[in-house]
Amino acid sequence: MTERFVFGSPQFFWPVLILWLALSAGIVWATLRAPVRSGWLYLSAGMKIIALGLLLAAVLEPMIAGERAREQANYFAVLVDNSQSMRIESESQEVNQSPHWTKILAPEVAWQTRLAQDFQLRRYKFDRQLQSIHQFDELDWNGNGSQITENLQELRQRYADRPLAGILLFTDGNSTESSIQTETWKGLGVPVYPVQTRQLDSLKDINLKRLTVTQTDFEASPVTIMAQFSAYGLAGKQARLSLLDAQSKELKTTMIALPKDGEVINHRFQFRPEGRGIQGFQVKVQLVEEVQLQPGARSQEATLLNNSRYAVVDRGIGPYRILYLAGRPNWEFKFMRRALDLDEELKLRSLLRIARKEPKFSFRDSKVDSANPLFSGFEDISEEDKEAYDEPVIIALGETESDQPSRGFPKTAEELFEYHAIVLDDIEHDFFTQEQLLLLRQFVSMRGGGLLMLGGQETLRGEALRNSPLGELLPVYPDDTVVMNDAPAETQQWRWELTREGWLQPWLRLTDNEEAEKKLLGERTSLGVVNRVSGLKPGASVLAEGTDESGIRRPIMAAQKFGKGKSAAIMAGDLWRWAMHRQSLEAEAPLMAAWRQTIRWLIADVPKRLQITIERGNSSATNQPVNHINPLATTLRTAVYDAEFKLVDNVKLTYTITAPSGKLIVLQGEPSEFQAGLFETSLVSNEEGVFRVEVIALAQDGSELGRGEAGWTSEPSAEEFEQLLPNTEWMKQIAEETQGEIINAQELESFAKGLPERNAPVTESYVYPIWHEPWVILCAISFFCLEWGIRRKSGLA
């Protein structure tokens, strides 16, 4: 608050001013008429004028006026971070020992006494929640989180209708919230004074910041865990980085040189997990010289709680069902079937057409059998098992999940939607009815399935295909021409080459490095059956091209997203050549792995009938007030779909959760208030590690509609110690935006003394009379004495 200069008797201002000017003019006139003039004469005249002004000013009663916080009329909050990270100091100390800087929080310190005299002092501690305390000796520094933003906002809400003069904030500025870096504080409405409590000049620590999990369909290494870490005070030292499974069995380990202070480096673990389903892994980093550190021994690191992180890998649980439809028996089916049989999670249902249908309206003799001519001469086949003459003859191989007919392409959404992917091999567009074509389109766009069309004589050609629902699904525009190696017009041999986009797809590569992959591509047999396409659709990508001997390039494989699913086309009809020509008969043909990886990519991200989403840090529905958020809570939401992938809302959901300790927790799902067919439940736990949940959906009659599983990690300690150095930039930001300032811990007493003079909601006015001060009359007398002394010394008196 600013002070101002006022007069107690302003009505005498002009008379006093006129009198002072008249006396001053008389003194100046007398000085100018003196027979002897000198500088001393003028100096003495000026002192006399000043002395007269001081005496006459007393008539106006000059005063200093201002405002200050009214005593005990305002509240002032002291907020202390009670999280574990506040223990961190430059010098190591005993476990569970309070930090050295907390001596300033003792009840008898002067700054607290002074604040309690001028304000209604309120003390709080916080970690993940805000709690009022009587004295700061109640702090235990065991909190496993720092929700700074939420607790400051909650504190402001508590004093929304009460005069809060300010908040003194003891924290390192490192929040476990993700929003703190983007939060704006101008609307908080109360000044915040962050306190600088410590400087970590000699900190030593390794910090495993985060893990990133990437899954691919690359058979040799389908899972990648990227570990990101930094170090302080340990540059150049050797550390041991390990990958462990759920049973703490070491899977991989490597030695790394620690980086310079503040530098972040990454290390990649590539491996193939054993088994399927939800799996948990842990990455740990430790100084090599402390690998054999005895339990209870003190480490040179500031903390070991940020030296490990957890990761969840969802390997999926099949079976994943693939429907394969071929226009004729061919070599492609033979090798695809062999390849997929080696993957127990992939279940192939095959429909092979062995005879075409005849025109429905054809002239036929009445004595001729109405069955397809293929069955002529076979008397041991019943009439019910024979297709009619206007129906194609199809052989079905493989089992179905439902009770659909064993022959023919599915005709209902319930039959078709049980599959995750569909492969169409050398089948013409006219094979499908219009209803089946629309079902195919819904299968990809609404069901989210994958569609792959292979090249050949009967497929990827014709204007009718381009204008049909099947043509809409394809990533390319079909052409009328097919190129075959036995055609006299074109006898090109096409070599398979990956495009720039293709090299970025792990599932298209069979080796783990570019040099080996190029060598393998060079050994592949050239292709002789390649369909010509007239163009690429917008949004589609060419993943592989064919190049002939003259250098002409032609798309061989393209893919695109379509609605919720994906579609791809391989414009080649003789990929089986890669399996017929190989250098070693003992080793598996590269084509086999290529088919498995392609099908795995095709079924990746295909929605299931139970779709589970996990939201961390919220135990209630969305759009709730800040104080309803529980950072230790996990909300599980599940959408249930029927066989036609329509939401179902009349079901019973059971969640069976396995905690890191092995404890089983059974919860029931409740219907969501915001969306029909969505169910949710919440779990609050402070355990650290990997959580797994199995969800079972039951119909009203008790029959099972489906089940699914998911997993998540909880790492409150690692999140708390992710950043150890004080976040001074954030402290400056909140101080500037709330019109506060950063306070040094050694200056708390002077801050408390001057706080009443700062802005406060409830204030009182005060005046300070200057004319009553002894120094005013002493100054006037001093000037008179100096004036007489100068005149006396100069011989003018």
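Residues numbered from 1 in each chain as written. Predicted model: local features only at pLDDT ≥ 70, side-chain atom pairs only at ≥ 80, totals over all residues. Heavy atoms only, no water.

Caption draft 1: Summary view of the pattern of salt bridges. Enumeration according to the criterion identifies 25 salt bridges in this entry. Salt-bridge contacts for Arg309 lead to Glu715; the nearest nitrogen and oxygen are separated by 3.1 Å. Taken together, the residues Arg309 in strand 14 (residues 308-314) and Glu715 in the loop between strand 33 (704-714) and helix 14 (716-720) connect sequence positions 406 residues apart. For the pair formed by Arg309 and Glu715, the shared burial category is buried. Note that Glu644 is salt-bridged to Lys646, the shortest N-O span being 3.6 Å. Connected via shared salt-bridge partners are Arg210, Arg309, Glu715 and Glu722. (Salt bridge = Lys/Arg side-chain N within 4 Å of Asp/Glu carboxyl O. Helix = DSSP H or I, 4+ residues; strand = E, 2+ residues; numbered from the N terminus. Buried < 20%, exposed > 50% of the residue type's maximum accessible area, 1.4 Å probe, protein only.)

Caption draft 2: Quick look at the packing of aromatic side chains. Overall, the coordinates contain 20 aromatic pairs when judged by the stated rule. Between Phe13 and Trp14, the aromatic rings sit 5.3 Å apart at their centres with planes inclined by 80°, giving edge-to-face as the arrangement. With relative accessibility at 31%, the residue Phe13 sits in the partly exposed group. Consider the rings of Phe271 and Phe281, whose centres lie 5.1 Å apart with planes at 70°: the pair is edge-to-face. With Phe271 in strand 12 (residues 265-271) and Phe281 in strand 13 (residues 278-287), the pair connects residues that are 10 residues apart, well separated along the chain. Summarising the burial analysis for this pair, Phe271 and Phe281 share the class buried. (Phe/Tyr/Trp six-rings, centres within 6.5 Å; stacked < 30°, edge-to-face > 60°.)

Caption draft 3: The layout of surface pockets, seen in detail. Within this model, the largest pocket holds a volume of roughly 1100 Å³. Going through the elements one at a time, helix 13 (590-603), strand 26 (610-616) and strand 33 are the ones with two or more residues in the lining of the largest pocket. (1 Å grid on protein atoms, 1.4 Å probe; cavity = no way out; pocket = protein on both sides within 12 Å on 5 of 7 lines; lining within 4 Å. Points joined across faces, edges and corners; volume = space filled by probe spheres on them.)

Caption draft 4: Examining the sheet that holds strand 8 (residues 205-215) more closely. Read across the sheet, three strands follow the order 8-9-12 without closing on themselves; strand pairing throughout is antiparallel. The open sheet has two edge strands with one neighbour each: strand 8 and strand 12. Strand-to-strand twist in this sheet, taken as the mean axis angle between neighbours without regard to direction, amounts to 20°. (Pairing = 2+ DSSP bridges. Axes fitted to C-alpha atoms, helices over the stretch in contact; angles between N-to-C directions.)

Caption draft 5: Representation of the packing of helix 2 (residues 39-57) against helix 17 (residues 774-793) within the structure. In contact at an axis separation of 8 Å, helix 2 and helix 17 are set at 160° when each is read in the N-to-C sense. As the angle between them shows, helix 2 and helix 17 are arranged roughly antiparallel. The hand of the helix 2/helix 17 crossing is left-handed. Contact residues: helix 2 offers Trp40, Leu41, Leu43, Ser44, Met47, Lys48, Ile50, Ala51, Leu52, Leu54 and Leu55, while helix 17 offers Val776, Ile777, Cys779, Ala780, Phe783, Phe784, Leu786, Glu787, Ile790 and Arg791. (Parallel < 35°, antiparallel > 145°, perpendicular 65-115°, else oblique. Left-handed = near helix turned anticlockwise from the far one by under 90°. Contact = heavy atoms within 4.5 Å.)

Caption draft 6: Seen up close, the nonpolar core. In terms of nonpolar packing, the biggest core is built from 44 residues, with Trp496 and Leu575 touching the most fellow members. A per-element tally of this core places helix 13 first, with seven residues. Sequence-distant contacts of Leu575, defined by excluding residues within four places in its chain, comprise Glu332, Trp496, Leu527, Ile570, Leu591 and Trp595. By size, the runner-up hydrophobic cluster in this structure holds 36 residues, among which are Phe431, Phe432, Phe443 and Ala639. (Core = buried A, V, L, I, M, F, W, Y, C linked by side-chain atoms within 4.5 Å.)

Caption draft 7: Quick look at the packing of helix 5 (residues 331-341) against helix 13. The N-to-C vectors of helix 5 and helix 13 enclose an angle of 75°; their axes lie 8 Å apart at closest approach. With respect to their mutual orientation, helix 5 and helix 13 come out roughly perpendicular. Mapping the contact onto sequence places Glu332, Phe335, Met336, Arg338, Ala339 and Leu340 in helix 5 and Leu591, Met592, Trp595, Arg596 and Ile599 in helix 13. Classifying every residue of the contact of helix 5 with helix 13 gives eight nonpolar, no polar and three charged. (Nonpolar A, V, L, I, M, F, W, Y, C, P; charged D, E, K, R; others polar.)

Caption draft 8: Just unusual backbone geometry, in detail. Despite not being glycine, Asp426 has its phi angle at roughly 50°, a positive value. Assignment of secondary structure puts Asp426 in the loop between strand 18 (421-425) and helix 7 (434-445). The buried category is assigned to Asp426, whose relative accessible area is 2%. Of note in the backbone geometry, Leu460 takes a positive phi value of approximately 55° without being a glycine. Structurally, Leu460 is set in the loop between strand 19 (450-454) and helix 8 (463-466). Leu460 sits in the buried class, given a relative accessible area of 0%.

Caption draft 9: Quick look at the side chain of Ser714. Note that Ser714 resides in strand 33. For Ser714, the side chain forms a polar contact with the main-chain oxygen of Glu687, separated by 3.1 Å. Ignoring any residue separated from it by four or fewer positions in sequence, one finds Ser714 in contact with Arg616, Glu687, Glu688, Gly689 and Phe691. (Polar contact = N/O pair within 3.5 Å; in protein donor to acceptor, adjacent residues only side chain to side chain.)

Caption draft 10: How the structure looks around the confidence of the model for the protein. The predicted model of the protein has a mean per-residue pLDDT of 84, with 87% of residues at 70 or higher. Taken as a whole, residues 401-406 scores under 50 in pLDDT and shows 12 contacts with residues more than four places along the chain or in a different chain. Confidence over residues 619-628 falls short of pLDDT 50; this stretch has 16 contacts with residues more than four positions distant or in other chains. (pLDDT = per-residue confidence, 0-100.)

Caption draft 11: Structural detail: empty space enclosed by the protein. With the rule as written, the count across this model stands at four cavities of 30 Å³ or more. The computed volume of the largest cavity comes to approximately 150 Å³. Around the largest cavity, the lining is made up of 15 residues, and of these Trp496, Leu508, Trp578, Ala594 and Thr598 lie nearest the centre. No other element matches helix 13, which puts five residues into the lining of the largest cavity. Counted by class, the lining of the largest cavity contains 11 nonpolar, two polar and two charged residues. Estimates place the volume of the second largest cavity at around 60 Å³. In this structure, the second largest cavity is lined by Thr171, Asp172, Gln196, Thr197, Arg198, Gln199, Pro726, Thr728 and Met731. Each residue belonging to the lining of the second largest cavity can be placed in one class, and the counts come to two nonpolar, five polar and two charged.

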